[in-house]
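Residue strings, one per chain:
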Amino acid sequence: MSSGPVRYVRYLLFAAVGLALFFFVSRSALPIPETIGSKLNPSNYKDTSTSTSSSSSSHGNAATSKEHTNGVPGNGSALQGERVNATFVTLARNSDVWDIAKSIRSVEDRFNRNYHYDWVFLNDKEFDDNFKKITTALVSGNTHYGVIPKEHWSYPEWIDQDKAAKVREDMGQKKIIYGDSESYRHMCRYESGFFFRHPLMLNYEYYWRVEPSIELFCDISFDPFRFMKENDKKYSFVLSLYEYFDTIPTLWDSVKKFMSNHPEHIAKGNSMGFLSDDGGKTYNKCHFWSNFEIGHLEWLRSKEYLDYFESLDHDGGFFYERWGDAPVHSIAAGLLLKKEQIHFFNEIAYYHIPFTHCPTGEQLRLDLKCHCNPSENFDWKGYSCTSRFFHVNDMKKPAGYEDES
Ligand code: GDP
Ligand code: MN
């Protein structure tokens, strides 16, 4: 018979073994993902609270933001290496919440769960609590919510609003896509000239634009932000196509006026061959599809880009026509950057209605666990401008492209 102290030691031993067994069984029966695991780690408790970030306090009422971190950024896995000063950015309405939730899920599953980059949400109206709650729960990095200052989402004083209203009516009757929409025009002008100047964006160097209802089809096995920085890339795309001419009849005239007023801004070794088939006389309507973009914010904030935007803005085509931010960004990238500074990401498989970029190359698709149908890849089809991009840059098309054209 064991006496007092020995019995207590035995009880304690039983209890310890029992607890260890319980932990073993519960963890092995239900695998816990790495990111949640780090949330459960007490040393990270302080990071999971929701608090007002320093950026909002310094910017007054223009922006409200929530800071929310899961785990310790930059600390998670050996694979991720050094992070870049970068953020995702989404312009959205409160009503877009479930469509953007789907996009975030895709971006997180395929990439950001390993990196925890921040996400900035911008809106011309205040985001409601539901939008903030749902998106904050899905993003693995910090989330920030900003209201767009009125002067960035309204008519400049030089615009004749009656003339603009008449244009909307005419374009609506002609059934030009978004031709009758006033808000779409403010959106395009905002994406062209202002999002990168929002107070919440000022602290970042690179951005990745994400729209509602997009999909990513392959794992992203590297950090595209880091790729951009290490290779001095300023702008990147996955899909390119021809613009609908009726939305931009005088855009190229406006661009030519800018080029003659600012020849000093036009880069040597630019991509004019991507934009024009006659050395710059006319625009061939090729543009990068800007609902996906990874780019350099400091380039957009440069004197070259701002002079370009202001020149176009004064010509009024955002309201008197329906200039899209895609041709506006693309022409800027084509003329103000050296051609090597624009990058095509074959590895990033992407869908935005109605086009798909599914990487060319079967082994690549298998390695990256892609679930897109390669026959839906738009790159080598007739209405894509990506072949032209390859030609202008003397790039060899990936093996297997013939089967997809
Ligand atoms: P599409 O891709 O050209 O058909 O245009 P979308 O409807 O996707 O709009 C482009 C982006 O701007 C999306 O991220 C939308 O959520 C956003 N957006 C469009 N209109 C508005 C608007 O009036 N207010 C806000 N806050 N966002 C808008
Ligand atoms: Mn869209």
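Refer to the structure presented above.
About the cut-offs
- Residues numbered from 1 in each chain as written.
- Chains lettered and ligands numbered in written order.
- Predicted model: local features only at pLDDT ≥ 70, side-chain atom pairs only at ≥ 80, totals over all residues.
- Heavy atoms only, no water.
- Donors = N, O, S within 2.8 Å, 3.2 Å for Na, K, Ca; no water.
- Helix = DSSP H or I, 4+ residues; strand = E, 2+ residues; numbered from the N terminus.
- Buried < 20%, exposed > 50% of the residue type's maximum accessible area, 1.4 Å probe, protein only.
- Pairing = 2+ DSSP bridges.
- Arc of directions from axis to C-beta.
- Contact = heavy atoms within 4.5 Å.
- 1 Å grid on protein atoms, 1.4 Å probe; cavity = no way out; pocket = protein on both sides within 12 Å on 5 of 7 lines; lining within 4 Å.
- Points joined across faces, edges and corners; volume = space filled by probe spheres on them.
- Nonpolar A, V, L, I, M, F, W, Y, C, P; charged D, E, K, R; others polar.
- Phe/Tyr/Trp six-rings, centres within 6.5 Å; stacked < 30°, edge-to-face > 60°.

Bringing the coordination of the manganese ion (ligand 2) into the picture now. Protein-derived coordination of the manganese ion (ligand 2) comes from Glu 211 (OE) and His 352 (NE2), at a distance range of 2.0 to 2.2 Å. With Glu 211 in the loop between strand S5 (206-209) and strand S6 (215-216) and His 352 in strand S12 (residues 350-352), this pair connects stretches of sequence that are 141 residues apart.

What follows concerns the pairing of strand S10 (residues 293-296). By the alternation rule, side chains of S10 split into Glu 293 and Gly 295 and Ile 294 and His 296, which are all buried. As judged from the two bridges shared by strand S7 (residues 235-237) and S10, these two strands associate in the antiparallel manner. Bridged to Ser 236 within S10 is Ile 294.

Those residues of helix H9 (residues 251-261) that sit buried are Leu 251, Trp 252, Ser 254, Val 255, Phe 258 and Met 259. Across the axial projection of H9, the buried residues extend over an arc of 155°, all falling on one side. Those residues of H9 hidden inside the fold are in contact with helix H10 (272-275), helix H12 (303-315) and helix H14 (325-336).

Its volume calculated, the largest pocket comes out at about 1100 Å³. Where the lining of the largest pocket is concerned, the elements lending two or more residues are strand S2 (86-91), helix H7 (182-193), strand S8 (240-242), H14 and S12. For the lining of the largest pocket, the class distribution of residues is 21 nonpolar, 11 polar and 10 charged.

Bringing the packing of aromatic side chains into the picture now. For the structure shown, the criterion picks out 50 aromatic pairs. Look at Phe 121 and Phe 131: their rings are 5.5 Å apart centre to centre, the planes differ by 85°, and that puts the pair in the edge-to-face class. In this pair, Phe 121 sits in strand S3 (residues 118-123) while Phe 131 sits in helix H5 (residues 129-138), placing the two residues 10 residues apart along the sequence. For the pair shown, Phe 121 and Phe 131 are each scored as buried. Both rings, one in Trp 153 and one in Tyr 190, keep their centres 5.9 Å apart while their planes meet at 50°; by these two values the pair is tilted.

Fair warning: the whole summary comes from geometry, so function is off the table for now.
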